[in-house]
Amino acid sequence: MSKLVAFAAIQGAYNIVSKAEGKLKKTLEKYGPEQKLEFPNTAYYLPIIYSILGIPVKTLADAKKPMEICRGLLPSHIKNVYHLPYLGPLLDAGMAAILAEEIVEAIRYIEDPGFYLTSEEIDEASGKIWLGAAEDVIFRKRGIEFVDGSAPGFAAIVGAAPDPETAKKIAEEYQKKNLYVFMAGNQNGTTFSEQLLEAGVQIGWNTRLVPFGPDISAAVFALGFANRAAMAFGGVQPGDAKKMLLYNKDRIFAFVNALGDVGAEWAANAAGCVNWGFPTIADTDIPEILPTGVCTYEHVVANVPHDQMVQRSVEIRGLKVTVADVPVPVAYGPAFEGERVRGEDIYLESGGGRTEAVEWVTTKNINEVEDGKVEVIGPDLDQLTPPAQLPLAIVAEVAGRKMQEDFEPILERQIHHLINYAQGLMHIGQRDIAWVRISKAAVDKGLRLSDIGRILHAKFHQDFGAIFDKVQVKIYTEKKKVSELLTKARAVYAKRDARIEGMTDETTDTFYSCTLCQSFAPSHVCVISPERTGLCGAYNWMDCKAAFEINPTGPNQPIPKGDMLDPKLGQWKGTNDFVLNASRQKIAQVSLYSMMVDPMTTCGCCECIAAVLPMCNGIMTVGRDYTGMTPCGMKFTTLAGSAGGGAVTPGFLGHSKYNITQRKWLSGDGGLLRLVWLPKMLKDELRERLHKRCEEIGIPDFIDRIADETIGLTEDEILPFLEEKKHPALTMESILE
């Protein structure tokens with residue numbers, strides 16, 4: 001390794017630590033030691049310091065100890081004669097720089113609270129484009145994509161490209177590979193994020209192009225995101241630095257692209273990232289670190305041309321990227337799913353209350369379907385003048401020996417994602433509440449409505465080819481025909497819903513597993529039954545049945561129930577045997593209907609977490625969209641940190657929103673009648689289904705007896721309300737017995 005790179009990185013770390021010490025000292029003098037120090041609306045305190053050192057930084061006073069550790073990590077400066085390897089001191093210097101920069105960025109939240117937006121999207125009109133630390137609602141939503149593989153990794157880009165067009169090409173190439181791009185730092189005041197905006201590229205979490213901040217220190221938000229994922233989804237304990245860094249090397253496929261001149265402080269940050277196993281690939285002539293060891297392959301690689309930057313980065317990180325070949329004239333991939341088509345950009349708008357719109361997958365006889373045939377019945381895009389509005393019906397007709405009616409809604413649900421992956425095409429909703437917008441830029445590139453059919457044909461075959469043989473797509477834009485199809489589709493929707501709602505756990509001998517999240521939480525096993533959807537909300541029993549048909553060796557395996565062991569708790573010999581094996585002998589038995597006795601593991605992807613409220617003799621549950629305090633004394637983020645990672649935690653349970661209104665939800669503990677508190681936003685979201693369940697249990701006004709945050713945020717505050725409303729939980733047997 002070059003002595004020069006070690007010298008520069010160590011000098012840069014000294015500079016960073018000294019500046020951080022000075023800033024902390026001044027901030028302490030101005031605000032006092034009790035001043036709160038945090039990244040707002042996030043768990044894990046300052047996540048890098050907490051995960052690496054195990055120190056929860058809550059106040060400015062708490063920051064002094066990690067700052068002392070930073071100073072202690074700084075190695076001696078490189079001398080002319082140096083007989084020890086340089087890598088060890090280099091890594092220590094890099095870690096010191098990263099830890100110190102996290103304190104600097106946290107202080108910025110105190111000194112300039114409006115600098116970073118707390119949002120998924122930027123506000124370009126007001127000039128606020130820096131997003132800083134991802135709030136936990138955003139982190140949970142996006143972190144799941146690293147669990148299920150839809151986001152194979154991220155590129156941390158620091159600096160700026162030579163020009164906006166080069167920046168756009170690099171960013172879009174990463175988007176096509178489904179990678180996130182985390183952006184920080186500048187070159188002489190120019191940032192990669194601003195270059196993308198100048199080139200007309202949408203940035204923000206929704207497009208996977210995330211502008212963390214204009215300074216190199218904002219790179220801590222990328223590393224902090226990775227460490228939060230390890231703690232939230234992987235069960236890595238705070239303070240276990242070795243396991244944390246190895247976890248990131250093996251499971252979070254990330255790397256740094258350094259664009260522009262690399263000074264001493266940039267070198268220190270690059271050295272810091274090497275600790276995580278994240279290599280740096282630069283476009284300038286900097287000293288290289290080529291031996292493998294800490295990173296999978298080379299640690300620092302220089303002089304990479306911009307047109308080779310993406311491919312070389314992926315190779316050096318050892319990342320395997322699979323990209324679908326979809327025959328459309330625009331870029332295609334999950335990174336474009338969150339793209340928005342607004343105002344002046346709209347070429348065509350359908351649905352969304354403007355016109356009728358419907359999507360329908362229906363099964364046909366094999367001789368009725370011509371595979372790959374796409375028809376547009378009515379005007380196509382080249383016959384319109386923007387901004388145009390049209391009714392729209394997308395009908396996919398599938399056929400095959402293995403195709404079943406139960407699979408139709410599975411395929412239908414995918415239409416949202418598959419259409420949204422096309423750049424310049426925005427899709428919201430499903431069934432008869434679909435809303436589609438197509439941009440002028442996409443039409444200029446040659447996009448036509450027939451391309452929607454080509455997308456569905458290609459992706460249905462790629463992802464679901466095991467359950468059907470042929471698919472043809474018909475796209476209608478004639479008002480009369482769309483109205484006719486809408487009526488037919490609604491009749492089918494009603495029939496499907498009645499069939500799913502009518503299923504019970506007693507009517508099937510087979511449940512299904514979901515071990516998709518074991519990539520992050522190795523001991524987690526989700527058991528999914530007709531009356532217990534997956535805790536992430538994305539999988540129900542029929543989804544798993546279809547998934548098994550599609551991929552017999554995948555994460556959704558059939559579980560023969562076997563002998564009933566406990567009908568109240570929901571335990572069967574077959575489910576226990578499966579969980580013991582699938583959890584690698586970590587979990588011996590599991591209750592499908594209880595959070596008090598052998599509750600199911602939680603991976604961190606859950607939509608909601610339920611917790612016991614002993615004083616109220618009941619339970620509360622909170623969705624991850626609610627960021628406030630709850631009566632159990634913890635916010636959702638703290639609950640997820642305690643109960644996630646594949647842990648079994650009696651008194652706490654992760655579950656889906658839909659599960660709350662299923663008949664077997666926590667029936668072993670008293671069921672819905674135990675529910676004494678949930679956030680108003682969740683109550684309103686589930687109101688219709690909750691009202692139906694309340695009528696079924698014989699208490700039509702039960703929903704009005706459930707407290708929410710407008711009533712109180714502690715058990716003491718909500719108990720009088722429960723007593724006044726005569727909540728049934730107060731007279732039930734003790735939940736703790």
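Residues numbered from 1 in each chain as written. Predicted model: local features only at pLDDT ≥ 70, side-chain atom pairs only at ≥ 80, totals over all residues. Heavy atoms only, no water.

Undergrad: Hey, could you run me through the overall build of the chain in this one?
TA: Regarding its fold elements, the chain presents 21 helices and 23 strands. Here the C-alpha atoms of the chain give a radius of gyration of 27 Å, agreeing with the 27 Å that 2.2 N^0.38 yields for 737 residues. Residues counted as buried form 57% of the 737 residues belonging to the chain. The contacts of the chain with a sequence gap of at least 6 include a subset with a gap of at least 24, amounting to 74%. For the chain, the accessible area works out to roughly 28600 Å², and carbon and sulfur atoms hold 50% of it. In the chain, 77 side chains carry a positive charge and 94 a negative one; their mean positions are 2 Å apart. (Helix = DSSP H or I, 4+ residues; strand = E, 2+ residues; numbered from the N terminus. Rg over C-alpha atoms; globule rule 2.2 N^0.38 Å. Buried < 20%, exposed > 50% of the residue type's maximum accessible area, 1.4 Å probe, protein only. Contact = heavy atoms within 4.5 Å. Areas by Shrake-Rupley, 256 points an atom, 1.4 Å probe, with all protein chains shown as cover. Lys, Arg positive; Asp, Glu negative; His and termini not counted. Charge placed at Lys NZ, Arg CZ, Asp CG, Glu CD.)

Undergrad: Would you take a moment to explain unusual backbone geometry for this structure?
TA: What is expected of a backbone is that most residues other than glycine have negative phi and most peptide bonds are trans. Here the amide bond leading from Pro386 into Pro387 is cis, since omega sits at -5°, within 30 degrees of zero. With respect to the element layout, Pro387 can be found in the loop between strand 9 (374-377) and strand 10 (388-389). Notably, Gln585 is not glycine yet its phi reads approximately 65°, a positive angle. Within the secondary structure, Gln585 sits in the loop between helix 17 (573-582) and strand 20 (608-613). In the Ramachandran plot, Lys726 falls in the positive-phi region, its phi being about 55° despite a non-glycine side chain. Looking at where Lys726 falls in the secondary structure, it is placed in the segment after helix 21 (715-724). A residue is classified by how much of its surface remains accessible, and Lys726, at 64% relative accessible area, is exposed.

Undergrad: Whenever I open this one, the sheet that holds strand 4 (residues 253-259) confuses me. Can you help?
TA: Through backbone hydrogen bonds, the strands of a sheet pair up, either in parallel or in antiparallel fashion. On the basis of which strands lie adjacent, the open sheet formed by six strands has the order 3-2-1-4-5-6 and parallel pairing. Looking at strand neighbours, the two that pair on one side only are strand 3 (209-211) and strand 6 (300-301), the edges of this open sheet. Note: strand 4 against strand 5 (residues 280-282), three bridges, orientation parallel. Residue pairing in the sheet places Asn257 in a bridge with Ile281 of strand 5. Across the sheet, helix 6 (residues 164-176) is in contact with strand 1 (153-159), strand 2 (180-184), strand 3 and strand 4; its angle to strand 1 comes to roughly 170°. (Pairing = 2+ DSSP bridges. Axes fitted to C-alpha atoms, helices over the stretch in contact; angles between N-to-C directions.)

Undergrad: Is there a simple way to explain helix 9 (residues 241-251) in this structure?
TA: Along an α-helix, a turn takes 3.6 residues, which lines up residues three or four apart on a common side. Taken together, the buried positions of helix 9 are Met244, Leu245, Tyr247 and Asn248. Along helix 9, the residues classed as buried sweep out an arc of 155° about the axis, all on the same side. Where helix 9 is buried, its residues touch helix 2 (47-53), helix 4 (87-111), helix 8 (220-234), helix 10 (264-275) and helix 11 (309-317). (Arc of directions from axis to C-beta.)

Undergrad: Is there a simple way to think about the packing of aromatic side chains in this case?
TA: Summed over the entire model, instances satisfying the criterion amount to 26 aromatic pairs. With a centroid separation of 5.8 Å and 40° between ring planes, the pair formed by Tyr174 and Phe255 is classed as tilted. Taken together, the positions of Tyr174 in helix 6 and Phe255 in strand 4 put the pair 81 residues apart, joining distant regions of the chain. Accessibility classification places Tyr174 together with Phe255 in one group, the buried group. A ring pair is formed by Phe511 and Trp572, whose centres lie 5.1 Å apart and whose planes are at 90°; its orientation type is edge-to-face. Taken as a pair, Phe511 in strand 15 (residues 510-514) and Trp572 in strand 19 (residues 571-572) lie far apart in primary sequence, 61 residues in all. When its relative accessible area of 4% is taken as the criterion, Trp572 is described as buried. (Phe/Tyr/Trp six-rings, centres within 6.5 Å; stacked < 30°, edge-to-face > 60°.)

Nothing here speaks to function; it is all geometry.
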